[in-house]
Every structure is written in structure tokens, then in C-alpha cells.
Amino acid sequence: YWDASRDSQAMNASINYEAMVQMTAAQKLDDAASAGRTIIEAYPDTLYARLSGLLLAKIAVQKHDYEAAKKELEALLAADGKGEIADIARTRLARLLLAEGKAEEAGKLLAQVPTRGAMDASLELRGDVAAARGDQAAARKLYAEALAGADKLGLDSDTLQLKLDNLAVASS
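Cut-offs and rules
Note that residues are indexed from 1 along each chain, following the sequence as it is written. Whole-chain, interface and lining totals are the exception, using all residues; otherwise, since this is a predicted model, local features are given only for residues with pLDDT of at least 70 and side-chain atom pairs are given and counted only at 80 or more. With hydrogens and water set aside, each side-chain value is computed from the structure's full complement of heavy atoms. Under the DSSP-based scheme used, a helix requires at least four consecutive residues in state H or I and a strand at least two consecutive residues in state E, with every element numbered from the N terminus. Residue exposure (1.4 Å probe, protein chains only): buried if accessible area is under 20% of the type maximum, exposed if over 50%, otherwise partly exposed. Working rule for contacts: check all heavy atoms of both residues, and any pair within 4.5 Å makes them a contact. Stacked, edge-to-face and tilted labels apply to pairs of Phe, Tyr and Trp rings (six-membered ring for Trp) whose centres lie within 6.5 Å, assigned for plane angles under 30 degrees, over 60, and everything in between, in that order. By this rule, a helix spans an expected 1.5 Å times one less than how many residues it contains. Read the arc as the range of directions from the helix axis to the C-beta atoms. Nine residue types can take part in a nonpolar core, namely buried Ala, Val, Leu, Ile, Met, Phe, Trp, Tyr and Cys, and a core is a set of them joined through side-chain atoms within 4.5 Å. Criterion for a salt bridge: a side-chain nitrogen of Lys or Arg within 4 Å of a carboxyl oxygen of Asp or Glu. To obtain each axis, a line is fitted to C-alpha atoms, and for helices this fit is confined to the stretch in contact; angles are then taken between N-to-C directions over 0 to 180 degrees. Put simply, angles under 35 degrees are roughly parallel, angles over 145 are roughly antiparallel, angles from 65 to 115 are roughly perpendicular, and the rest are oblique. By convention, the crossing between two helices is left-handed when the near helix turns anticlockwise from the far helix through less than a right angle, and right-handed when the turn is clockwise.

### A look at the environment of Ala-132
And then number 1: By the element assignment, Ala-132 lies in helix H7 (residues 123–132).
And then number 2: The partly exposed category is assigned to Ala-132, whose relative accessible area is 47%.
And then number 3: Sequence-wise, Ala-132 and Leu-98 are 34 residues apart; in three dimensions their C-alpha atoms are separated by 8.0 Å.
And then number 4: Leaving out residues up to four positions away in the same chain, Ala-132 has contacts with Leu-98 and Ala-103.

### Observations concerning unusual backbone geometry
And then number 1: Here the phi dihedral of Gln-27 falls at roughly 60°; this positive angle occurs in a residue that is not glycine.
And then number 2: Tracing the backbone through its elements, the reader meets Gln-27 in the loop between helix H1 (2–25) and helix H2 (29–42).
And then number 3: For His-64, which is not glycine, the phi torsion reads 60° and is therefore positive.
And then number 4: Within the element layout of this structure, His-64 appears in the loop between helix H3 (47–62) and helix H4 (66–79).

### Topic: the packing of aromatic side chains
And then number 1: Using the criterion set out here, one finds one aromatic pair in the structure.
And then number 2: Summarising the aromatic geometry, the rings of Tyr-17 and Tyr-48 are spaced 5.9 Å apart at their centres and angled 45° between planes, so their arrangement reads as tilted. Separated by 31 residues along the polypeptide, Tyr-17 in helix H1 and Tyr-48 in helix H3 bring together distant segments of the chain.
And then number 3: Accessibility expressed as a relative area gives 23% for Tyr-48, which makes it partly exposed.

### Focus on H4
Note on helix geometry: an α-helix contains 3.6 residues per turn, so any two residues three or four positions apart are oriented the same way.
And then number 1: In this model, H4 (14 residues) spans 20 Å end to end at C-alpha, consistent with the 20 Å of a helix rising 1.5 Å per residue.
And then number 2: Of the positions making up H4, those classed as buried are Ala-69, Lys-70, Leu-73, Leu-76 and Leu-77. Seen end-on, H4 carries its buried residues on one side only, within an arc spanning 125°. Exposed and oriented more than 90 degrees from the buried face of H4 are Lys-71, Ala-78 and Ala-79.
And then number 3: Next to the buried residues of H4 lie H3 and helix H5 (83–99).

### Some thoughts on the nonpolar core
And then number 1: Ranked by size, the top nonpolar core spans 21 residues in total, and within it Leu-54, Leu-73, Ala-89, Leu-93, Ala-94, Leu-98 and Ala-106 carry the most contacts.
And then number 2: When residues of this core are traced back to their parent elements, those giving at least two are H3, H4, H5, helix H6 (103–111) and H7.
And then number 3: When residues in this core are grouped by element, the largest group, eight residues, is from H5.
And then number 4: Leave out the neighbours within four places in its chain, and Ala-89 touches Leu-54, Leu-73, Leu-76 and Leu-77.

### Describing the pattern of salt bridges
And then number 1: Under the defined criterion, the tally for this structure stands at 10 salt bridges.
And then number 2: With a shortest N-O distance of 3.3 Å, Glu-100 and Lys-102 are connected by a salt bridge.
And then number 3: Judged by relative accessible area, which is 33%, Glu-100 ranks as partly exposed.
And then number 4: We classify Lys-102 as partly exposed; its relative accessible area is 34%.
And then number 5: One salt-bridge network, in which partners are shared between bridges, spans Glu-67, Lys-70, Glu-100 and Lys-102.

### Let's talk about the packing of H2 against H3
And then number 1: Put simply, H2 and H3 touch, their axes get as near as 9 Å, and they point 150° apart. The orientation of H2 with respect to H3, classified from their angle, is roughly antiparallel. The way H2 lies across H3 gives a crossing that is left-handed. Along the contact surface, H2 presents Leu-29, Ala-32, Ala-33, Gly-36, Arg-37, Ile-39 and Ile-40, while H3 presents Tyr-48, Ala-49, Ser-52, Gly-53, Leu-56, Ile-59 and Gln-62.

So this is what it looks like as C-alpha cells:
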């Protein structure tokens with residue numbers, strides 16, 4: 001009975017999450033947000049609740065409601081601060097904090113996210129934080145690493161090169 005109940009709950013959460021993703025793609029953001037909140041409330045201990053939290057934050061950013069996005073990410077981290085989804089939430093929250101000029105807070109969050117060497121998609125963000133903190137040498141190193149792996153990481157090499165060039169101008 002327990003396994004059947006758990007499987008049914010996971011199936012329902014999956015169906016609802018898929019509907020949320022489709023609503024988001026169709027730009028039905030209010031409906032998607034409502035669906036996401038329902039998933040989090042009805043299936044709080046599932047992967048779909050955590051994924052819904054990430055998507056709710058993304059929807060809030062699309063609506064330019066950055067405070068709501070931060071709250072969604074903070075709630076996700078408060079509910080479950082471990083694993084890859086939590087690391088994604090930390091990275092996204094760090095990006096929002098950096099946009100607010102809170103480089104120190106962003107850096108502290110990123111310090112909790114394990115680095116993955118040359119395959120670390122957060123290298124550019126880590127460089128942005130270093131630059132905002134005034135650490136030009138660290139920023140240059142991080143941007144150069146990101147630029148070297150830009151194609152594999154899906155990063156914009158032109159933007160990274162521009163950031164590197166701007167560091168050179170700022171230091172001269």
C-alpha cells in the first residue's frame with residue numbers, strides 16, 4: 001500500500017509539474033505560478049516541489065519581481081539546502097544579490113556551491129562577484145577559465161571577452 005501511494009503521489013506531482021512547465025512556456029505565468037504553489041503545498045517532499053520552487057523564482061524574474069524570486073529561492077534552501085537543486089538555487093540567488101550590489105552576500109552563497117573545475121558553469125558569475133569585490137586578479141582568472149570552456153559550458157564567449165577587456169582597461 002505504501003509503495004502504491006508513494007508512486008501515485010509522485011505521478012501526480014509529475015503531471016502537475018509538466019503542466020506548470022507548459023504554462024510557463026505558453027507565458028501563462030500567473031497560472032504557472034499558481035500550479036507551482038499547489039505542487040509545493042501538496043507534494044512538499046518531492047523533487048517536483050523543489051523544481052517548482054526554481055521555476056517559481058524564474059517566473060518572478062520574468063515578471064521583474066526580484067524580491068519574490070529571492071523569497072522563492074530562500075524558501076527552497078530553507079526546506080532542503082542539500083544537493084544539486086540547492087546549489088542551483090544558491091547560484092541563482094547569488095546572481096540576484098549581485099544585481100542588488102550585494103557582492104559579499106553573493107560570494108558567501110557561491111562559496112557553498114562546489115566548484116567543478118573547467119566544467120563549472122558558475123565561473124562567469126564567480127568572476128562577476130570577484131570583480132564587484134574589487135579583486136581584479138581573481139576576476140581575470142575566473143573569466144579566463146570560463147572563456148576557455150565557454151563552448152562546452154554554453155557561455156557567451158563574446159561577453160566573457162568583453163569582461164576580460166574591461167578588467168584590463170579598469171586596471172590601467
